[in-house]
Amino acid sequence: MKRILNLLRRSPNIQLGPLEQQLLSTLWMRGSSTVREILDAGDIKLAYTTVMTTLDRLYKKQLLKRAPDGRAFRYSPRYTQEELEKAAIGETIRQLLGSSAAASLPLSYLVEAVSEHDAHLLDDLQRLLDRKRAELRGKEKH
Amino acid sequence: MFAARCIGVSLAVFVLLYVFLSAAVSQGWKLTRRIIRPQSARSAADLLFALRILPLALSSVVTFAFTLPSFLLLEPRSTNEAIGIAPLALGLCCLILLAAGIVRAAIAQRKASRALVEWLDGSILMESQIRESGNAVPIFRTGNDAPTLTVAGLCAPKVLVSEAAVATLNPPELRTALRHEIAHALRYDNLKKLVFRFSVFPAMADLEHAWSEETEMAADDAAVSNFHDALDLAAALIKVSRLGPVESSSELTMALLHSSTALSARVHRLVTWNSAQKPQTQNRWLYALPAAAAMVVGVVMTYGSALTQMHAVTEWLVR
């Protein structure tokens, strides 16, 4: 566990602070948790809002998934420890070789491949686009 | 022995300068971007590209314009001096560096060429789309084995559109998506990627990734001229993402996480597009011409003394 967290910490695009690492480790052990459940377990003695903000940050870094659970969110790891370990090692090797994946072949794609975890991100983006299109249609009618 | 010393010293100066400049660029590119604050994605992409190739370009210029002439003109040919340990070791390092760059670039180019040949097999030239785009960049309709929308080729780039993309995107979405790809072709982005492969140095991945993101946004800007276009391109991005090969989590890499974040950022940028963010078409680089001309005049006027000083440096290196 320490090894992967160290690798992730070195990876410049997904840098994790100490609390983020601790929460990610907790969620890998527990599977899924709400903020209240993490605090009730007693391993982390911090304010509710601090833990909530940190989990939100991990969610925005796309390391966690979340689903509504009552009035709160239930968080779970988006990737297994093994998946992230592979990713971090790959990134570290790429860093050492001095080349990004984007520049690995002289080809330009409209979009890079997406992971199976991104389906709901695309749904969110589609909703945003539909809203903007509706706004534009509304403006044009007026 | 004179020729061997000349080559050894030139390669040694090249590698020393290259490593020093590469280290400086890899550590200082973020600061440079913050100081210069490019006005558009295109300027930012140009700046990052310039920074990425600066070590290779400057080291080559110094080697061929100063080191080599200073040695040939000022070093007495009669002396039978040995090459020296330092120039020999550094020269070997330089050869390894250049060989690594050539191998990396050749492998990347060969893979891309093979893929292009495969994708173009049975493809159809989309003449109406080429006429509509108003550019000479060829557009091919490929089978569904090829990527949904891509630009391939270095010196003569081609835009490839899969059957699935043509079937999925409506005409305005396809038009803006093609304009995006044509922008990549016109800016020779694939050739730039090959230069990155040739110019080997660790810890440049961040800079290359930032360049890649800015390049995508610059191509988005080039494809969009009003809010309707921006929404069409955003829709095309989402549809093409759904069409693209979905990587299983076991093949997950950080690049996929990056690409999701980048896609999200691009769509958000497009749905909040306003005409003010469209980059000005005037050639702002023309303002740099007087400075460049002054620099050339300065170099020409001080060339003699510069060669003498360079020769003193190489003498120190040999000893």
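This is a predicted model, so every value here is computed, not measured.

## Overview of the overall build of chain B
Within chain B one finds 12 helices and five strands. Across its three principal directions, the C-alpha atoms of chain B cover 75 × 40 × 35 Å. The 319 residues of chain B split such that 48% are buried. Taking contacts inside chain B between residues at least 6 apart in sequence as the whole, the part at least 24 apart equals 77%. Of the roughly 15600 Å² that chain B leaves accessible, carbon and sulfur atoms contribute 66%. Each charge sign in chain B was given a centre, from 28 positive and 24 negative side chains, and these centres are 5 Å apart.

## Some details on the pattern of salt bridges
All told, the structure shown has 21 salt bridges over all chains when counted by the stated rule. Across the pair A:D123 and B:R242 runs a salt bridge, and its minimum N-O distance is 3.0 Å. Of this pair, A:D123 sits in helix 6 (residues 119-141) while B:R242 sits in helix 9 (residues 227-243), which puts the two residues in different chains. Using a relative accessible area of 39% as the deciding quantity, one classes B:R242 as partly exposed.

## Describing unusual backbone geometry
Residues and elements named next belong to chain B. Its identity is not glycine, yet Y188 carries a phi of approximately 50 degrees, on the positive side. Structurally, Y188 can be placed in the loop between helix 6 (171-186) and helix 7 (189-198). Looking at Y188, the relative accessible area reads 40%, which means it is partly exposed. The backbone phi angle of A203 is positive, close to 70 degrees, even though this residue is not glycine. By the secondary structure assignment, A203 is in the loop between helix 7 and helix 8 (205-223). Taking relative accessible area as the criterion, A203 reaches 36% and is therefore assigned partly exposed.

## A closer look at helix 7 of chain B
When you tally the buried positions in helix 7 of chain B, you get seven out of 10 residues, the bulk of the element. Next to the buried residues of helix 7 of chain B lie strand 3 (107-109) of chain A together with helix 2 (41-74), helix 3 (85-120), strand 3 (149-152), helix 6 and helix 8 of chain B.

## Focus: the nonpolar core
Of all hydrophobic cores here, the largest spans 20 residues; its most connected members are A:L125, A:L129, B:V267, B:L270 and B:V271. If you list the elements that add at least two residues to this core, you get helix 6 of chain A together with helix 9 and helix 10 (254-271) of chain B. Here this core takes seven residues from helix 9 of chain B, the largest share from any one element. The residues touching B:L270, leaving out its near neighbours within four places in the chain, are B:D220, B:V224, B:F227, B:A230, B:L233, B:A234 and B:L237.

## Some thoughts on the packing of helix 7 of chain B against helix 8 of chain B
Residues and elements named next belong to chain B. Contact geometry of helix 7 with helix 8 gives a least axis separation of 12 Å together with a crossing angle of 180 degrees. By the angle between their directions, the pair helix 7 and helix 8 is classed as roughly antiparallel. Here D189, K192, K193 and F196 of helix 7 come into contact with helix 8, specifically with E208, W211 and T215. Tallied by class, residues from the contact of helix 7 with helix 8 come to two nonpolar, one polar and four charged.

## Here's the deal with the side chain of B:T67
Residues and elements named next belong to chain B. Relative to the helices and strands, T67 resides in helix 2. Classification of T67 as buried rests on a relative accessible area of 0%. Among residues more than four places away in sequence, those in contact with T67 are V9, S10, V13, V62, M310 and T314.

## Observations regarding the pairing of strand 2 (residues 139-142) of chain B
Residues and elements named next belong to chain B. Alignment of strand 1 (residues 124-125) against strand 2, held across two bridges, turns out to be antiparallel. Bridging across to strand 2, I124 finds its partner in R141. By the bridge criterion, four bridges tie strand 2 to strand 4 (residues 158-162) in an arrangement that is parallel. Residue pairing for strand 4: I139 is matched across the bridge by V159.

## Thoughts on the sheet that holds strand 3 of chain A
Hydrogen bonding along the main chain pairs the strands of a sheet, whether they run parallel or antiparallel. One open sheet accounts for five strands, arranged 3(A)-3(B)-4(B)-2(B)-1(B); its pairing is mixed. In the strand order of this sheet, the two ends are held by strand 3 of chain A together with strand 1 of chain B, each with one partner.

## A short note on the packing of aromatic side chains
Overall, the coordinates contain six aromatic pairs over all chains when judged by the stated rule. Centroid distance A:F73 to A:Y75: 6.3 Å. Interplanar angle 65 degrees. Geometry classified as edge-to-face. By way of ring pairs, the aromatic residues B:F49, B:F196 and B:W211 are connected into one cluster. One residue, A:R66, lies across the ring of A:F73, its end atom 4.1 Å from the ring centre.

## Some thoughts on a nonpolar patch on the surface
Together, B:L31, B:I35 and B:I36 line one region of the surface with nonpolar side chains, adding up to about 320 Å² of accessible area. Along the polypeptide, B:I35 turns up in helix 1 (residues 2-36).

## Thoughts on the confidence of the model for chain B
All names here are of chain B. Scored by pLDDT, chain B comes out at a mean of 85, with 90% of its residues at no less than 70. Low confidence marks residues 246-258, where pLDDT is under 50. Its contacts with residues over four positions away, or in another chain, come to 40 contacts. Scored as a whole, the predicted complex attains pTM 0.74, and scored at its interfaces, ipTM 0.72.

Scoring rules and cut-offs
- Residues numbered from 1 in each chain as written.
- Chains lettered and ligands numbered in written order.
- Predicted model: local features only at pLDDT ≥ 70, side-chain atom pairs only at ≥ 80, totals over all residues.
- Heavy atoms only, no water.
- Helix = DSSP H or I, 4+ residues; strand = E, 2+ residues; numbered from the N terminus.
- Buried < 20%, exposed > 50% of the residue type's maximum accessible area, 1.4 Å probe, protein only.
- Contact = heavy atoms within 4.5 Å.
- Areas by Shrake-Rupley, 256 points an atom, 1.4 Å probe, with all protein chains shown as cover.
- Lys, Arg positive; Asp, Glu negative; His and termini not counted.
- Charge placed at Lys NZ, Arg CZ, Asp CG, Glu CD.
- Salt bridge = Lys/Arg side-chain N within 4 Å of Asp/Glu carboxyl O.
- Core = buried A, V, L, I, M, F, W, Y, C linked by side-chain atoms within 4.5 Å.
- Axes fitted to C-alpha atoms, helices over the stretch in contact; angles between N-to-C directions.
- Parallel < 35°, antiparallel > 145°, perpendicular 65-115°, else oblique.
- Nonpolar A, V, L, I, M, F, W, Y, C, P; charged D, E, K, R; others polar.
- Pairing = 2+ DSSP bridges.
- Phe/Tyr/Trp six-rings, centres within 6.5 Å; stacked < 30°, edge-to-face > 60°.
- Lys NZ or Arg CZ within 6 Å of the ring centre and 35° of its normal.
- Patch = residues over 30% accessible without salt bridge, like charges linked within 9 Å, V, L, I, M, F, W, Y side chains within 5 Å.
- pLDDT = per-residue confidence, 0-100.

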